[in-house]
Amino acid sequence: MSERTGIAVPTEMQHPTDWLNPLRERNLLPDDTVAAFVVGSVARGWENARSDFDIYVVTTEEVRTESYSAALMSLDPPRVRNEVFFENDRRWEITYWLERQFDQMLAKISWEKYTGEVFAGEILTPREETSLARLVHCRPLLGSEWIEAKCELLNRSAFRSIVVVRSLGLADDAAEDALGQLEAGHLESAVLSARRALGHAVDSLLESAGEYGSHMPKWRPNRFRAAAPELLSFESYWVLETMRDYDPADPRSWVRSVLTICQDIAMRVETA
Amino acid sequence: MNTGHRVPRRVLGVRVRRVSGDLVIGIDTDALELTDVARLIYESADGRNRVADIVDIVAAAYDADPAEVSVDVREFLDDLAGRGVVEWAVEEPFR
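Owing to the predicted nature of the structure, the values given are computational and were not obtained by experimental measurement.

Conventions used here
- Residues numbered from 1 in each chain as written.
- Chains lettered and ligands numbered in written order.
- Predicted model: local features only at pLDDT ≥ 70, side-chain atom pairs only at ≥ 80, totals over all residues.
- Heavy atoms only, no water.
- Domains from an automatic or database assignment.
- Contact = heavy atoms within 4.5 Å.
- Buried area = accessible area lost by both parts, 1.4 Å probe.
- Salt bridge = Lys/Arg side-chain N within 4 Å of Asp/Glu carboxyl O.
- Polar contact = N/O pair within 3.5 Å; in protein donor to acceptor, adjacent residues only side chain to side chain.
- UniProt positions renumbered as here; feature names shortened; annotations may be inferred.
- Helix = DSSP H or I, 4+ residues; strand = E, 2+ residues; numbered from the N terminus.
- Phe/Tyr/Trp six-rings, centres within 6.5 Å; stacked < 30°, edge-to-face > 60°.
- Buried < 20%, exposed > 50% of the residue type's maximum accessible area, 1.4 Å probe, protein only.
- Lys NZ or Arg CZ within 6 Å of the ring centre and 35° of its normal.
- Nonpolar A, V, L, I, M, F, W, Y, C, P; charged D, E, K, R; others polar.
- 1 Å grid on protein atoms, 1.4 Å probe; cavity = no way out; pocket = protein on both sides within 12 Å on 5 of 7 lines; lining within 4 Å.
- Points joined across faces, edges and corners; volume = space filled by probe spheres on them.
- Pairing = 2+ DSSP bridges.
- Axes fitted to C-alpha atoms, helices over the stretch in contact; angles between N-to-C directions.

Quick one: what's the story with the domain arrangement of chain A, residue by residue and with numbers?
Residues and elements named next belong to chain A. The domain boundaries assigned to chain A delineate domain 1 (16-156) and domain 2 (159-267). In this complex, domain 1 contributes 19 residues to the contact, which on the side of domain 2 involves 18 residues. Between domain 1 and domain 2, the buried area comes to about 1,600 Å², and carbon and sulfur atoms account for 71% of it. For the domain 1 face of the interface with domain 2, the top three residues by lost area are Trp46, Tyr114 and Glu129, together amounting to 35%. Taken together, domain 1 and domain 2 are joined by 2 salt bridges. Linking Glu211 and Arg44 is a salt bridge whose minimum nitrogen-to-oxygen distance equals 2.6 Å. On the surface where domain 1 and domain 2 come into contact, there are 3 residue pairs in polar contact (both at pLDDT 80 or more).

Quick look at the structure:
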């Protein structure tokens with residue numbers, strides 16, 4: 001593995017071969033690849049000169065290379081394998097998925113599961129949720145039809161409802177914390193709980209518009225701009241997120257106004 | 001006594017969900033479903049609208065005479081207050 005030598009220069013990677021050739025040169029694109037796609041900030045056009053290049057490769061058989069690492073998953077097999085290399089001062093991370101692992105994740109988000117007794121927040125692990133969400137805004141390199149088919153299944157699934165209900169539930173929990181802390185006079189903690197409630201409530205609003213990715217709050221402003229919800233302008237959201245109206249002499253007022261916004265969002269976000 | 005000058009406000013911490021356009025409100029282990037005019041009244045109880053304003057909102061939405069809907073709106077808000085879903089924010093509105 002090579003060392004990162006400095007700040008990389010943004011790279012123009014317009015054609016799929018620009019992405020695939022570095023993989024082929026390293027023998028990292030198996031013959032049984034059914035799909036390959038760029039995910040993450042680069043796929044969305046939000047990258048910077050320090051951004052990693054994240055690529056998902058979907059195969060039918062498990063990939064075994066000399067230097068892979070593995071991440072545990074609640075799937076069969078219970079892992080995905082990763083390869084990392086550096087080229088042109090960029091870190092490339094290739095994640096190898098089995099086709100059947102995607103099928104297993106999609107099976108977890110059926111309407112039957114959603115209406116069952118499992119709490120929405122426990123249907124998917126954060127990594128599974130993020131991986132499925134990344135399909136929606138990926139940049140296809142190979143297997144466009146496979147990707148489109150999986151996106152169609154995702155759209156027809158209960159995925160949106162699952163993540164929206166999960167985020168609303170977390171917002172409610174945080175709001176309850178904040179109110180209890182206000183009553184007990186733990187004002188600083190109440191402020192933090194209200195901030196947490198706001199984050200989850202805004203996530204639910206964005207998820208209801210198909211802007212997933214709440215496990216990566218660093219992109220919430222970008223997702224907000226992309227979703228452009230009618231309920232809350234970006235400017236109003238940013239005033240809240242940056243606590244511009246917070247008065248240290250009167251935390252209660254700020255906490256209550258934030259919780260009111262959270263309740264307004266819950267009242268208007270549709271849950272199927 | 002519920003007068004038209006009082007200002008109802010949704011109680012914070014009450015869990016609300018929008019399901020197929022209607023509202024479902026969690027009250028302890030029970031769920032209160034609010035449809036149509038009930039939903040509109042609850043949504044309008046934002047801590048700024050007076051009862052009289054909500055009467056006008058409902059009358060306008062349903063093309064009715066405010067005098068005809070006034071009693072129903074007041075009784076419904078009292079009922080919500082009794083359930084702990086709405087509270088009275090101020091006696092006179094803050095404008």
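On we go from here.
Tell me about the UniProt feature "domain: Polymerase nucleotidyl transferase" (unreviewed entry) in chain A, residues and numbers included.
Mapped onto this numbering, the UniProt entry annotates "domain: Polymerase nucleotidyl transferase" (unreviewed entry) at residues 33-101 of chain A. A helix fraction of 10% and a strand fraction of 52% characterise residues 33-101 of chain A, whose end C-alpha atoms lie 14 Å from each other.

An account of the packing of aromatic side chains is needed here, citing residue identities and associated values.
Inspection of the entire model under this criterion finds 18 aromatic pairs over all chains. On the basis of an interplanar angle of 65° and a centroid distance of 6.5 Å, the ring pair of Phe37 of chain A and Phe102 of chain A is categorised as edge-to-face. Residue Phe37 of chain A is located in strand E1 (residues 33-39), and its partner Phe102 of chain A is located in helix H3 (residues 99-108); the two are separated by 65 residues in the primary sequence. Residue Phe102 of chain A is classed as buried on the basis of its relative accessible area of 0%. Ring centres 5.8 Å apart and planes at 65° place the aromatic pair Phe234 of chain A and Tyr237 of chain A in the edge-to-face group. With Phe234 of chain A and Tyr237 of chain A both in helix H10 (residues 234-241), this residue pair falls 3 residues apart, about one helical turn. A relative accessible area of 0% means that Tyr237 of chain A is categorised as buried. Members of the aromatic cluster, connected to one another through ring pairs, are Phe37, Tyr56, Trp97, Phe102 and Trp146 of chain A. Across from the ring centre of Trp88 of chain B, 4.7 Å away, lies the NZ or CZ of Arg6 of chain B, which sits over that ring. Its end group placed over the ring of Tyr42 of chain B, Arg10 of chain B keeps NZ or CZ at 5.7 Å from the ring centre.

Describe in detail the interface of chain A and chain B, supporting the description with residues and values.
The interface is formed by 17 residues belonging to chain A together with 17 residues belonging to chain B. Taking both sides of the interface into account, the surface hidden between chain A and chain B amounts to around 1,500 Å²; carbon and sulfur atoms contribute 45%. For the pair chain A and chain B, the interface holds 6 salt bridges. A salt bridge links Asp172 of chain A to Arg17 of chain B, with the nearest nitrogen and oxygen atoms 2.8 Å apart. Here chain A is connected to chain B by 10 residue pairs in polar contact (both at pLDDT 80 or more). For the side of chain A that touches chain B, the secondary structure elements donating two or more residues are helix H7 (159-184) and helix H11 (251-268) of chain A. With 8 residues, the top contributor of residues to the side of chain A that touches chain B is H11 of chain A. Looking at the side of chain A that touches chain B residue by residue, the classes come out as 6 nonpolar, 4 polar and 7 charged.

Residue-level account of empty space enclosed by the protein, with values.
Across all of its chains, the model carries 2 cavities of 30 Å³ or more by this definition. In this model, the largest cavity occupies a volume close to 120 Å³. Contributing to the lining of the largest cavity are 13 residues, with Asp172, Ala175, Leu259, Cys262 and Gln263 of chain A lying nearest its centre. Those elements that provide at least two residues to the lining of the largest cavity are H7 and H11 of chain A together with strand E2 (15-19) of chain B. Each residue belonging to the lining of the largest cavity can be placed in one class, and the counts come to 9 nonpolar, 2 polar and 2 charged. Quantified by volume, the second largest cavity comes out at close to 50 Å³. As for the second largest cavity, its lining consists of Thr59, Glu61, Glu62, Val63, Arg79, Val80, Arg81, Tyr96, Trp97, Leu98 and Gln101 of chain A.

Outline the sheet that holds strand E5 (residues 90-98) of chain A, listing residues and values.
Residues and elements named next belong to chain A. Sheet architecture is open: 6 strands sit in the order E3-E4-E5-E2-E1-E6, paired in mixed fashion. Looking at the sheet topology across the chains shown, the edges are occupied by strand E3 (69-72) and strand E6 (139-142). Strand-to-strand, the axes of this sheet are offset by a mean angle of 25°, without reference to chain direction. As judged from the 3 bridges shared by E1 and E6, these two strands associate in the antiparallel manner. Looking across to E6, one finds that Phe37 is bridged to Pro140. In this fold helix H5 (residues 126-136) packs onto E1, strand E2 (53-59), E3, strand E4 (79-87) and E5, with an angle of close to 90° to the strand it touches most, E2.

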